Amino acid sequence: PNACDERFKPASPAEIAQFRSRVGLPERFILFVGTLEPRKNLPNLLEAFAKIATRTDAPLIIGGGKGWMYDRIFSRLEELNLKDRVHFPGFLASEDLPLWYAAASVFVFPSRWEGFGIPPLEAMACGTPVVSSNRSSLPEVAGDAALLVDPYDPRAIAGAITKLLDPATARRLREAGRERAREFTWERCADLTVAAYERTL
């Protein structure tokens, strides 16, 4: 297992307020972080958001640089008439990334495939409730500290986001996520890597 940097941790209310003011963020928003490419499953995330867009004041913010075959994302955005509710700030600077997570109401990561899945772990370490895909390695990262959904089911993604916009459910997963993130350390990664080599040799 990988780990995330120690700078990924909850921010103080003052730090979050200052960041919101600097970047121009609303009080509530739904966040995705990752490269804009097919395996990240963003058209289905847009489909999910379209199902709840009229029932929440929280916009969807998709942070990340353009990868390959990203045109489908923007064409689906147009088809769903979501241009005013979905924002693309582009690549998020590394030094600001913990604050993006900490300021978000919900972090959603409906990826179809990951080698590990660092963004959900970073979000949990920052105390942000997470909706994650139930495919690939992601259930091993999130455990029971996130809401796991079928990435091919926009209705399920929408339902999980709605649940985490509820303060009581969000509070439970904020605490569970931080506990889960503490289990992933670079020391543990190193120990298990050495153990794997020793078994092989």
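Here, every reference points to the structure presented above.
*Asks:* So what exactly am I meant to see when it comes to unusual backbone geometry here?
*Replies:* Residues apart from glycine generally show negative phi values, whereas peptide bonds are mostly found in trans. The phi torsion at Asn81 lies on the positive side, around 55°, for a residue other than glycine. We note that Ser136 has phi near 60°; this positive angle belongs to a residue other than glycine. Within the fold, Ser136 resides in the loop between β5 (130–133) and α6 (138–142). For Ser136, a relative accessible area of 36% translates into the label partly exposed.

*Asks:* Looking at this model, I keep getting lost on the pairing of strand β4 (residues 106–109). Mind explaining?
*Replies:* Across a regular strand the side chains alternate sides, sitting on one face of the sheet and then on the other. Burial along β4 is two-sided: Val106 and Val108 facing one way and Phe107 and Phe109 facing the other are all buried. Sheet topology note: the strand β1 (residues 30–33)/β4 ladder contains 2 bridges and is parallel. Its bridge partner lying in β4, Leu31 is registered against Phe107. Regarding topology, helix α5 (residues 118–125) serves as the crossover connection from β4 to the parallel β5, and that connection is right-handed.

*Asks:* I tried to follow the packing of helix α2 (residues 42–52) against helix α3 (residues 71–79) on my own but got confused; where do I start?
*Replies:* Each pair of packed helices can be described by the angle between their axes along with the distance between the axes. Relative orientation of the contacting elements α2 and α3 amounts to 15°, with a least axis distance of 9 Å. The orientation of α2 relative to α3 falls into the category roughly parallel. Here α2 runs over α3; the crossing is right-handed. Listed contacts from α3 to Leu42, Pro43, Leu46 and Glu47 of α2 are Arg72, Ile73, Arg76 and Leu77. Split by residue class, the contact of α2 with α3 holds 5 nonpolar, no polar and 3 charged.

*Asks:* Is there a simple way to explain the sheet that holds β1 in this structure?
*Replies:* In space, the 6 strands of this open sheet follow the order β3-β2-β1-β4-β5-β6, with parallel pairing throughout. Strands with a single pairing partner mark the edges of an open sheet, and in this sheet they are β3 (86–90) and β6 (147–149). Within the sheet, the average angular offset between the axes of one strand and its neighbour, ignoring direction, is 25°. Lying on the sheet, α2 is in contact with β1, β2 (60–63), β3 and β4; it crosses β2 at an angle near 165°.

*Asks:* Hey, could you run me through the environment of Ile62 in this one?
*Replies:* Structurally, the position occupied by Ile62 is in strand β2. In sequence terms Ile62 and Thr35 are 27 residues apart; their C-alpha atoms lie 9.4 Å from each other. Contact partners of Ile62, with chain neighbours within four places excluded, come to Phe32, Leu36, Leu42, Leu46, Val86, His87, Phe88 and Pro89.

*Asks:* Help me understand the packing of aromatic side chains, please; the structure alone is not making it clear to me.
*Replies:* Under the defined criterion, the tally for this structure stands at 9 aromatic pairs. Ring geometry for Phe116 and Phe184: centres 6.1 Å apart, planes at 70°, overall edge-to-face. Of the two residues, Phe116 sits in the loop between β4 and α5 while Phe184 sits in the loop between α8 (167–181) and α9 (186–200), which places them 68 residues apart along the sequence. Assessed through its relative accessible area of 9%, Phe184 is described here as buried. Connected via pairs of aromatic rings, a cluster forms that spans Phe8, Phe32, Tyr101, Phe107 and Phe109. The ring of Phe184 carries the charged tip of Arg188 above its face, separated from the ring centre by 5.8 Å.

Thresholds applied
Residues numbered from 1 in each chain as written. Predicted model: local features only at pLDDT ≥ 70, side-chain atom pairs only at ≥ 80, totals over all residues. Heavy atoms only, no water. Helix = DSSP H or I, 4+ residues; strand = E, 2+ residues; numbered from the N terminus. Buried < 20%, exposed > 50% of the residue type's maximum accessible area, 1.4 Å probe, protein only. Pairing = 2+ DSSP bridges. Right-handed = clockwise from strand over helix to strand, strands pointing away. Axes fitted to C-alpha atoms, helices over the stretch in contact; angles between N-to-C directions. Parallel < 35°, antiparallel > 145°, perpendicular 65-115°, else oblique. Left-handed = near helix turned anticlockwise from the far one by under 90°. Contact = heavy atoms within 4.5 Å. Nonpolar A, V, L, I, M, F, W, Y, C, P; charged D, E, K, R; others polar. Phe/Tyr/Trp six-rings, centres within 6.5 Å; stacked < 30°, edge-to-face > 60°. Lys NZ or Arg CZ within 6 Å of the ring centre and 35° of its normal.

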